[in-house]
Amino acid sequence: MFKKDLRRWLLAMLSMLVVGSAVVAAEKPNVVILATGGTIAGAGADATNSATYQAAKVPVDKLIAGIPQLKTIAEVRGEQVFQIASESFTNDNLVTLGKRVAALVKQGDVDGVVITHGTDTLEETAYFLNLVVRTDKPIVLVGSMRPGTAMSADGMLNLYNAVSVAASKDARGKGVLVTMNDEINSGRDVSKMVNLRTEAFKSPWGALGMVVEGKNYWFRLPAKRHTNNSEFDIEKIDTLPSVEIAYGSGNASDTAYRAFAAKGAKAIIHAGTGNGSVSSAVVPSLQELRGKGIQIIRSSHVNAGGFVLRNAEQPDDKYDWVVAHDLNPQKARILAAVALSKTQDSKELQRIFWEY
Ligand code: DAS
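Residues numbered from 1 in each chain as written. Predicted model: local features only at pLDDT ≥ 70, side-chain atom pairs only at ≥ 80, totals over all residues. Heavy atoms only, no water.

**Some words on the overall build of the protein**
Move 1: A tally of helices and strands in the protein yields eleven helices and 14 strands.
Move 2: Considering the protein as a whole, with its 356 residues, one finds that 51% of them fall into the buried category.
Move 3: A fraction of 72% describes how many contacts in the protein between residues 6 or more apart in sequence connect residues 24 or more apart.
Move 4: With an accessible surface of roughly 16,100 Å², the protein has 56% of that area assigned to carbon and sulfur atoms.
Move 5: Charge centroids of the protein, computed over 40 positive and 36 negative side chains, lie 5 Å from each other. (Helix = DSSP H or I, 4+ residues; strand = E, 2+ residues; numbered from the N terminus. Buried < 20%, exposed > 50% of the residue type's maximum accessible area, 1.4 Å probe, protein only. Contact = heavy atoms within 4.5 Å. Areas by Shrake-Rupley, 256 points an atom, 1.4 Å probe, with all protein chains shown as cover. Lys, Arg positive; Asp, Glu negative; His and termini not counted. Charge placed at Lys NZ, Arg CZ, Asp CG, Glu CD.)

Structure follows, in structure tokens:
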């Protein structure tokens, strides 16, 4: 009799242990890391090489293995989508990545996605995904300013923080996020403001929050449309139309604008001085190009914290031009390309630039 009771007790204990461990394992969120290259996957010859190195060398599984602490915050798996330096991140790369992210966030066994990315165009990819991926699950982009081989490398903690944010319920519904240097920034607002230094990424309107030792501290929320509240959908986009950027200056000529038009650009972003102003030497050519159906979008190369006002120093209504609001030229290019996949109407374009 005693033996029978003992066996029954042992079986009960064992089943509770199995269920218990399954519950514990089930409690950890599932995060997928999509690796695309950049400095965070970079390698230099010596620990003193914080700026001289080769980007896009270390594979995603090695990045994950290099941070064993990830296992304590999430069930993590990696996919190597690309292995490139992000100055070469093309429209086709954006569409391929966007479709992969959209497929993953639809899966019930994916709670968040982290994208490791070069810092040069990280802000463009973050904004693109913010516009076209329909989800409220956290999508977090992360890079580093120093390769993992350098003293005081920033990639490990940046990636740990990115996974921690992607695994967080309170990061849901905030749009695409960028975690660098302990800050959590909006993928829409953030831009690489300096190079060489670890505090490279800033938003003109401030960070959304901070992540410290795996805990998020939020201070504000995004104001513009994004992700689930976007009218755009990556599942309806296969290619992006050509949109080019011409840099304005006091001595600018119309050469670049005409060359872009000749190559088939559907829109030209004028990276203007001040309030997106256009040199008088260039205005007639832009009017002519607009007359040929090319959209002219005025942005500003002023660094951060201003926005281009319609009809202020240029008669936008008269010329039928669009203003890029507070978007820098490279982000204006992304929004114009996404918008032009849906509309050619300049008034609709302007509405989209106010709302996104
Ligand atoms: N070449 C840069 C890039 O891939 C390296 C980096 O900063 O990530 O964006």
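**Focus on helix α11 (residues 346-355)**
Move 1: Those residues of α11 lying buried are S346, L349, Q350, I352 and F353. Along the axis of α11, the buried positions cluster into a sector of 160 degrees, meaning they face one direction only.
Move 2: Buried residues along α11 sit in contact with α8 (283-291), β13 (295-300), β14 (322-323) and α10 (329-340).
Move 3: For α11, the side-chain oxygen to backbone nitrogen distance between the N-cap and K347 is 2.9 Å, and the N-cap itself is D345. (Arc of directions from axis to C-beta. Polar contact = N/O pair within 3.5 Å; in protein donor to acceptor, adjacent residues only side chain to side chain.)

**What about the nonpolar core?**
As a rule of thumb, nonpolar side chains are buried together in soluble globular proteins.
Move 1: Grouped together as the largest cluster of nonpolar side chains are 82 residues, with contacts concentrated most on V114, F128 and L129.
Move 2: It is α10 that provides the largest number of residues to this core, a total of eight residues.
Move 3: With residues near it in sequence (within four places) discarded, V114 still touches V31, V32, I33, L34, V140, V142, L159, A162, V163 and A166. (Core = buried A, V, L, I, M, F, W, Y, C linked by side-chain atoms within 4.5 Å.)

**A word on the site of the ligand**
Move 1: Every residue close to the ligand is listed here: G38, T39, Y53, A85, S86, E87, G118, T119 and D120.
Move 2: In this structure, E87 approaches the ligand through a side-chain N or O atom, which is 2.7 Å from a nitrogen atom.
Move 3: Taking T119, its side chain carries an N or O atom lying 2.4 Å from an oxygen atom of the ligand.
Move 4: The protein chains hide 91% of the 260 Å² of surface that the ligand would expose on its own.
Move 5: Broken down by class, the residue content of the shell around the ligand amounts to two nonpolar, five polar and two charged. (Near = heavy atom within 4 Å. Nonpolar A, V, L, I, M, F, W, Y, C, P; charged D, E, K, R; others polar.)

**Here's the deal with the sheet that holds β14**
Move 1: Pairing in this open sheet of four strands is parallel, and the strands run β11-β12-β13-β14 from one edge to the other. Each edge of the open sheet is held by one strand with a lone partner, namely β11 (243-247) and β14.
Move 2: Judged from the two bridges that link them, β13 and β14 form a sheet pairing that is parallel. Within the sheet, the bridge partner assigned to R298 lies in β14 and is V323. (Pairing = 2+ DSSP bridges.)

**Brief notes about the UniProt feature "domain: Asparaginase/glutaminase C-terminal" (unreviewed entry) in the protein**
Move 1: Within the UniProt annotation, "domain: Asparaginase/glutaminase C-terminal" (unreviewed entry) is assigned to residues 243-353.
Move 2: Helix makes up 37% of residues 243-353 and strand 17%, with an end-to-end C-alpha separation of 15 Å. (UniProt positions renumbered as here; feature names shortened; annotations may be inferred.)

**A word on α8**
Move 1: Along α8, the residues classified as buried are V283, S285, L286, L289 and R290. Looking straight down α8, one finds that the buried residues subtend no more than 160 degrees of arc, so they occupy a single side.
Move 2: Looking at the buried residues of α8, the elements they touch are α7 (255-262), β12 (267-272), β13, α9 (316-319) and α11.

**Things to note about empty space enclosed by the protein**
One simple way to see leftover space: roll a probe sized like a water molecule over the atoms.
Move 1: Applying the stated criterion to the full structure yields one cavity of 30 Å³ or more.
Move 2: Taken as a whole, the largest cavity encloses approximately 40 Å³ of empty space.
Move 3: The wall of the largest cavity is formed by T135, D136, K137, P138, A171, R172, G173, K174, G175, V176, H226 and T227.
Move 4: Of the residues that constitute the lining of the largest cavity, the class distribution is three nonpolar, five polar and four charged. (1 Å grid on protein atoms, 1.4 Å probe; cavity = no way out; pocket = protein on both sides within 12 Å on 5 of 7 lines; lining within 4 Å. Points joined across faces, edges and corners; volume = space filled by probe spheres on them.)

**A look at the packing of α10 against α11**
Describing two packed helices takes the angle between their axes plus the distance from one axis to the other.
Move 1: Running from N to C, α10 and α11 cross one another at 130 degrees; their axes reach a closest spacing of 10 Å. When the axes of α10 and α11 are compared, the pair comes out oblique. Here α10 and α11 pass one another in a crossing that is right-handed. From α10, A332, L335, A336, A339 and L340 reach across to α11, where they touch L349, I352 and F353.
Move 2: Looking at the contact of α10 with α11 residue by residue, the classes come out as eight nonpolar, no polar and no charged. (Axes fitted to C-alpha atoms, helices over the stretch in contact; angles between N-to-C directions. Parallel < 35°, antiparallel > 145°, perpendicular 65-115°, else oblique. Left-handed = near helix turned anticlockwise from the far one by under 90°.)

**Observations regarding the layout of surface pockets**
Move 1: If you add up the space inside the largest pocket, you get close to 300 Å³.
Move 2: In terms of lining residues, the largest pocket is bounded by 18 residues, among which I40, V58, L63, G148 and M156 are the most central.
Move 3: For the lining of the largest pocket, the secondary structure elements donating two or more residues are α2 (60-65) and α6 (155-166).
Move 4: Sort the elements by how many residues they give to the lining of the largest pocket and α6 lands first, with three residues.

**Observations concerning the UniProt feature "active site" (unreviewed entry) in the protein**
Move 1: UniProt feature "active site" (unreviewed entry): in the numbering of this structure it lies at T39 and T119. The largest pairwise C-alpha distance within this set of annotated residues, which runs over 81 residues, is 7.4 Å, so the set is compact in three dimensions. Looking only at the residues we just named, the largest pocket is lined by T39.
Move 2: Following the sequence through the fold, T39 ends up in the loop between β1 (30-37) and α2.
Move 3: Taking relative accessible area as the criterion, T39 reaches 7% and is therefore assigned buried.
Move 4: Not counting the four nearest positions on each side in its chain, T39 is found in contact with Y53, A55, G118, S144, M145, R146 and P147.
Move 5: Within the fold, T119 resides in the loop between β3 (112-116) and α5 (122-132).
Move 6: Assessed through its relative accessible area of 5%, T119 is described here as buried.
Move 7: Here T119 is in contact with S86, G143, S144, M145, M180, K192 and F201, once residues within four sequence places are set aside.

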